[in-house]
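Chain and residue survey
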2 protein chains.
Amino acid sequence: MRNGVRRRMGVEQRREQLIAVALDLFGHRRPDDVSIDEIAAAAGISRPLVYHYFPGKQSLYEAALRRAAEELAGLFDEPREGPLGERLLRVMSRFFDFVEAHGTGFAALMRGGPVAGSGQACAVVDGVRRAAYEEMLSHLAVRSPAPRLELAVRSWIALAETTALLWLDGRRIPREELELQLVHAFAALTGVSAAYDEGMASTLRRSLAEEPADGPLAELVHRLDRPAPQPS
Amino acid sequence: MRNGVRRRMGVEQRREQLIAVALDLFGHRRPDDVSIDEIAAAAGISRPLVYHYFPGKQSLYEAALRRAAEELAGLFDEPREGPLGERLLRVMSRFFDFVEAHGTGFAALMRGGPVAGSGQACAVVDGVRRAAYEEMLSHLAVRSPAPRLELAVRSWIALAETTALLWLDGRRIPREELELQLVHAFAALTGVSAAYDEGMASTLRRSLAEEPADGPLAELVHRLDRPAPQPS
């Protein structure tokens, strides 16, 4: 049966199959602990045939990484309308789905390691952060972000990464709670700036126009309605 | 004059002087860009004499790092009483003082680099994070933190690091605003958990007993007074 499948697969199909197998293996164990032999066995093909498609483990790891990066960028895929808090909550929910599926590989990559820490891997991680940042700006309907907004969004992305890494270490807290907590943290990271910067405040007011009174960003809406404190 | 000073310095004094010089140089440029010759010149002694006290740049860098780590752990030094929000705000203010003084070295260390990324340097950074965590627990008057509190405090420490790194990149936002923002973020990171976990809520209520109505944690106090939402 496996041989039958193998013969029917074209080059692209086979590469896709190997990437899927690698994503699964690299997602559940540290990259260093996964061998080409295991990848070959999981794909039901010979070791030399793996090398026919990918020159080595590093190139297969990088292909899997790029696939994971595409998946991460896709977390933000949804209409740019409706309450922002609920959109962010859905994005966080998909993010934790991803972290749950690729946990070990995600942790190894973010913490750095012999294979994971290669320049190519760092470039992919940076690319994901940049993509997440651009997607967030698009959800906020902002083209040229002011420094305060840029800092708040980048800090928030870093916080989501850290929270997921800490969560993976024991999973002692329901992820749904952390997803909501991260949406609240977004409000905290933008709310103070809004009190000092009218541009930031009006960007947020526009983005939050549809926010329901009991939504996760309700406190931020309330804060934006109050007069700004005087910087001391 | 310099020779006169040199002759009068004891071994410990000289080591202290070299550490102070190194802290300053490593704080303002990337560790790789600082040479032993420069350290010797800045201290007004010969290159061989530097090697007499420290076997090489790496060991001097590590001594400077440990000194910086002590300084960071000292950020939390203040009475465990009075409004928590104001205490955290003072801690953040001292943290940004530190980041301002040692900016380049701090960034090089946190981003990792050939010298900075050594095992010894990583151990020092981990030690600082652990010390900051213990200090925060002490300020919250908690001995055995529940998982939610641990995650919230660790996430907050990571967020403070990230925010400072992003701030260093251009310093486009007044640091006072970021210090306040980080105190609000602490409220966001603990507040959601408190809604789901009565233990966390009572820890926070106790810690926030002296919080003034217009303080940076007032919103958190308000949130803790409301009935908890039902997890969906």
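What counts, and where the lines are drawn
Residues numbered from 1 in each chain as written. Chains lettered and ligands numbered in written order. Predicted model: local features only at pLDDT ≥ 70, side-chain atom pairs only at ≥ 80, totals over all residues. Heavy atoms only, no water. Helix = DSSP H or I, 4+ residues; strand = E, 2+ residues; numbered from the N terminus. Buried < 20%, exposed > 50% of the residue type's maximum accessible area, 1.4 Å probe, protein only. Areas by Shrake-Rupley, 256 points an atom, 1.4 Å probe, with all protein chains shown as cover. Lys, Arg positive; Asp, Glu negative; His and termini not counted. Charge placed at Lys NZ, Arg CZ, Asp CG, Glu CD. Contact = heavy atoms within 4.5 Å. Buried area = accessible area lost by both parts, 1.4 Å probe. Salt bridge = Lys/Arg side-chain N within 4 Å of Asp/Glu carboxyl O. Polar contact = N/O pair within 3.5 Å; in protein donor to acceptor, adjacent residues only side chain to side chain. Expected span 1.5 Å × (residues − 1). Least-squares fit on C-alpha atoms with pLDDT ≥ 70 in both. Domains from an automatic or database assignment. Arc of directions from axis to C-beta.

What follows is about the overall build of chain A. Of regular secondary structure, chain A possesses 12 helices and 0 strands. When the helices and strands of chain A are placed in sequence order, the string is α-α-α-α-α-α-α-α-α-α-α-α. Classification of the 232 residues of chain A by burial places 53% in the buried group. Accessible surface, chain A as shown: approximately 10,700 Å² in total, 53% of it carbon and sulfur. Between the centroid of the 29 positive side chains of chain A and the centroid of its 32 negative side chains there is a distance of 6 Å.

Turning our eyes to something else, we now look at the interface of chain A and chain B. The interface of chain A with chain B comprises 29 residues on the first partner and 29 residues on the second. If you sort the residues of chain A by the area they bury against chain B, Leu151, Glu177 and Gln181 of chain A come out on top, with a joint share of 21%. Viewed at the interface, chain B and chain A are joined by 6 salt bridges. A salt bridge links Arg148 of chain A to Glu177 of chain B, with the shortest nitrogen-to-oxygen separation between them at 2.6 Å. Linking chain A with chain B are 11 residue pairs in polar contact (both at pLDDT 80 or more).

Here we come to the pattern of salt bridges. Residue and element names in this part refer to chain A. All told, the structure shown has 43 salt bridges over all chains when counted by the stated rule. The closest approach of N and O atoms between Arg30 and Asp32, which form a salt bridge, is 3.7 Å. Residue class for Asp32 comes out partly exposed when judged on its relative accessible area of 31%. Each member of the salt-bridge network shares a partner with another, and the members are Asp97, Glu100, Arg171, Arg175 and Glu179.

As a further point, take helix 10 (residues 175-196) of chain A. End to end, helix 10 of chain A covers 33 Å across 22 residues, agreeing with the expected 32 Å (1.5 Å per residue, within 8%). Extensive coverage of helix 10 of chain A is indicated by the burial of 19 of its 22 residues.

With that settled, consider the relation of the copies chain A and chain B. Laying chain A over chain B is done by rotating through 180° and shifting 0.0 Å along the axis; what remains is an RMSD of 0.0 Å. What we have between these two chains is a two-fold relation. A symmetric contact is evident, with 100% of the interface residues of chain A recurring at the interface of chain B.

To continue, consider the domain arrangement of chain A. Residue and element names in this part refer to chain A. With domains assigned, chain A is organised as domain 1 (2-63) and domain 2 (65-225). Spacing between the C-alpha centres of domain 1 and domain 2 amounts to 32 Å. Contacts between the two partners involve 14 residues from domain 1 and, on the opposite side, 16 residues from domain 2. Here domain 1 meets domain 2 over a buried area of about 1,400 Å², counting both sides, of which 54% is carbon and sulfur. Three residues stand out in domain 1 for area buried against domain 2, namely Leu23, Tyr61 and Glu62, and they jointly supply 40% of the buried area on that side. A salt bridge links Arg67 to Glu16, with the shortest nitrogen-to-oxygen separation between them at 2.8 Å. For the pair domain 1 and domain 2, the number of links is 11 residue pairs in polar contact (both at pLDDT 80 or more). When contributions to the side of domain 1 that touches domain 2 are tallied by element, the ones reaching two or more residues are helix 2 (11-28) and helix 5 (57-73).

This part covers helix 11 (residues 198-207) of chain A. Residues and elements named next belong to chain A. Taken together, the buried positions of helix 11 are occupied by Met200, Ala201, Thr203, Leu204 and Ser207. Around the axis of helix 11, the buried residues are gathered within 165° of arc, so they sit on the same side. Those residues of helix 11 hidden inside the fold are in contact with helix 6 (84-101), helix 9 (147-168), helix 10 and helix 12 (218-225).

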